[in-house]
Amino acid sequence: MPVQYYLFLSLALFCIGMMGAMMRRNAIIVFMCIELMLNAVNLLMVAFSKMYNDAAAQIFVFFIMVVAAAEVAVGLAIIVMMYRKVHSVDINILNRLKH
Amino acid sequence: MKAIIAATVLGVILMFAGLFVKEKKSVASLAVFLLFVLLGVNIWDLVTTAPNETLSFFNNMLRVDRYALWFNTLMTGCTLLYALLVSKEIQRVGSHVAEYFALICFILCGVYMLSTYNNVLILFIGIEILSIPQYILAGSDKRNLKSSEASLKYFLMGAFSTGILLMGITLLYGATGTFNIIQYTFLQSDMLSPMALAGILFLMVAFAFKVSAAPMHMWTPDVYDGAPTPFTAFMATIVKASAFVAFMRLFSVSFGAISSDWMMVLAIITAATLFVGNITAVFQQSVKRMLAYSSIAQAGFMLFAVLAVNATAWQGMMIYAVAYSVATIGMFAVLMKMKDYTYDGFNGLAKKDPMLAAFTTVFLLSLAGIPLTGGFMAKYFVLLAAVEQGKMMWLVIFALFMAAVSAYYYFRVIMAMYFKQGNAELNTEVSATDRFLLAITVLLVIVLGAAPNLILNI
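Report on the accompanying structure. All figures in this text were calculated on a predicted structure; none of them were measured in a lab.

1. What to know about the environment of B:Pro215
Link 1 in the chain: As for its position among the elements, B:Pro215 is in the loop between α7 (194–210) and α8 (219–226).
Link 2 in the chain: Separated by 199 residues in sequence, B:Pro215 and B:Phe16 have C-alpha atoms that sit 42 Å apart.

2. Topic: the interface of chain B and chain A
Link 1 in the chain: Contacts between chain B and chain A engage 39 residues on the former and 42 residues on the latter.
Link 2 in the chain: Approximately 3,400 Å² of surface area, both sides summed, lies buried where chain B meets chain A, with 83% of it carried by carbon and sulfur atoms.
Link 3 in the chain: Connecting chain B to chain A are 0 salt bridges.
Link 4 in the chain: Contributions of two or more residues to the side of chain B that touches chain A are made by α5 (120–138), α6 (145–176) and α7 of chain B.
Link 5 in the chain: Looking at which element gives the most residues to the side of chain B that touches chain A, the answer is α6(B), with 22 residues.
Link 6 in the chain: When the residues that make up the side of chain B that touches chain A are grouped by side-chain class, the tally is 23 nonpolar, 10 polar and 6 charged.

3. Structural notes on helix α3 (residues 66–93) of chain B
Link 1 in the chain: Of all the bends in α3(B), the largest measures some 65° and sits at B:Val86.
Link 2 in the chain: Burial runs high along α3(B): 24 of the 28 residues are buried.

4. Observations regarding the pattern of salt bridges
Residue and element names in this part refer to chain B.
Link 1 in the chain: Scanning the model with the defined rule gives 13 salt bridges over all chains in all.
Link 2 in the chain: For Lys-153, the salt bridge identified is with Asp-222, shortest N-O distance 2.8 Å. Taken together, the residues Lys-153 in helix α6 and Asp-222 in helix α8 connect sequence positions 69 residues apart.
Link 3 in the chain: Classification of Lys-153 by relative accessible area gives buried; the value is 19%.
Link 4 in the chain: What makes Asp-222 buried here is its relative accessible area of 14%.
Link 5 in the chain: Taking the shortest distance from any N to any O, the salt bridge between Asp-222 and Arg-289 comes out at 3.2 Å. Taken together, the positions of Asp-222 in helix α8 and Arg-289 in helix α11 (residues 287–308) put the pair 67 residues apart, joining distant regions of the chain. Of the two residues examined, Asp-222 and Arg-289, each falls in the buried class.
Link 6 in the chain: By sharing partners, the salt bridges in this structure join Lys-146, Glu-149, Lys-153, Asp-222, Asp-225 and Arg-289 into a single network.

5. A look at the packing of aromatic side chains
Link 1 in the chain: For the structure shown, the criterion picks out 23 aromatic pairs over all chains.
Link 2 in the chain: A ring pair is formed by B:Tyr82 and B:Phe234, whose centres lie 5.1 Å apart and whose planes are at 40°; its orientation type is tilted. Of this pair, B:Tyr82 sits in helix α3 while B:Phe234 sits in helix α9 (residues 229–254), and the two are 152 residues apart along the sequence. Across this residue pair, the class does not change: B:Tyr82 and B:Phe234 are buried.
Link 3 in the chain: When the ring of B:Phe244 is compared with that of B:Phe247, the centres are 6.4 Å apart and the planes differ by 25°; the resulting orientation is stacked. One end of the pair, B:Phe244, and the other, B:Phe247, are both in helix α9, 3 residues apart, so they sit about a helical turn from each other.
Link 4 in the chain: Among the residues examined, B:Phe244 registers a relative accessible area of 0% and is labelled buried.
Link 5 in the chain: Following the ring pairs from residue to residue traces out a cluster consisting of A:Phe31, B:Tyr135, B:Tyr154, B:Phe155, B:Trp219 and B:Tyr224.

About the cut-offs
- Residues numbered from 1 in each chain as written.
- Chains lettered and ligands numbered in written order.
- Predicted model: local features only at pLDDT ≥ 70, side-chain atom pairs only at ≥ 80, totals over all residues.
- Heavy atoms only, no water.
- Helix = DSSP H or I, 4+ residues; strand = E, 2+ residues; numbered from the N terminus.
- Contact = heavy atoms within 4.5 Å.
- Buried area = accessible area lost by both parts, 1.4 Å probe.
- Salt bridge = Lys/Arg side-chain N within 4 Å of Asp/Glu carboxyl O.
- Nonpolar A, V, L, I, M, F, W, Y, C, P; charged D, E, K, R; others polar.
- Bend = angle between axes of the 7 residues up to and from the residue.
- Buried < 20%, exposed > 50% of the residue type's maximum accessible area, 1.4 Å probe, protein only.
- Phe/Tyr/Trp six-rings, centres within 6.5 Å; stacked < 30°, edge-to-face > 60°.

Right under this line is the structure:
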């Protein structure tokens, strides 16, 4: 399969993730959309790695996964902290509380 | 290289110290001592490297040159100054003092990686090591809803921009087949593929997020305002300066040869940053929020160094990073002593505490870029770099105009202190040690303004 197919697939996934992250109001769903963006990148990395016959990109993918896991650990803790205070994970509530 | 290892080890030591040492004060003293050690390690690295030597580590993934070592040393020095000035305030944020200092050590590890990377993998990891501790620090005041909100907002924005950064890296890899930033230089203007251009654009947007350049600056005021003030001081200075050095390293080392392709986009970002930062800062009522917008405005000036792509730009970035960090840390240290963060809270400070008011005035003059202060030399060098390059004269003139606007909101604080009646209330008594440290900071600001060559001739 030509590499363009992978390119278009992962760009589509990336755009879905990006639109979701910008439009959804639920913090958990926004976070899932960001993970989708990272996974789109992973897919493209592996496709390019195969194209160039170069293992460096696959190593990079492992690092992305590890860092994403670290981010999940911190991010979910922050969301839980927020939920305990306002009993909601809606991002709009934050803006309303500010004033 | 030694500094990266030392920062990690010292961070881990501090975390364990939190288990065994219960007294907050002794933990803070230990942290300051360890930061001294870290500064020592940096100086050791600096003196054992010959002036023109560049070292490579990890199969050429890290490339350590004199500039990077000197930058690391100066940033560690600024962190030490910061820790000395605000360690009392950090102890008041919450009960996990050891962890806060440990996270600051980890952030420094990220700073060292960002100033020495030669491979975008290290760039990515460095940015994450820099960012993740900051999400925690922003939310460290758990009783305060604003702090949690700042943390959540910063986290979502940071993760989003990481996604964009990674997409840029991947597209560039697709275009060139390498992660090494020096090998990117074979990108030529006439054979630039759309994929490489898209990659460069993605990277530019991701970096604009990290350095809070308009129009990707939306998170900055809320995060800087909501986070506990001692940590805002750190985020706005050392972290921002090192994100800029990473930005500059990538764009001048790798994409410097094709600068005509991306320069216009960055020039528009710069103009927007200067405009939004300065104009919005004028309308703020809280000094803390004004400083957040001022940090956006100062980012606009630092973007000139990225734009110019020449030797003066590197010097300008160095002096801007130090002068801006020192003045802002000083300003935040004064702000933390105040009970009321609005402009009115500063009314009549000159009568109540003339010395503190005088120190504040010097910091504000430096931020506004008045001659004889570090801020003036910093602005002079970055604008000189842009003039030498000569393609963006309209932007330089616009920046000078905006610098004049910035004087308005900095001088408003000075006006409040000296010419308004009022009773400025202090949060805590300013001790003799605080005065001494603030005096040293003032001295540094003036020395930087009078003799910038001290840190430029390395």
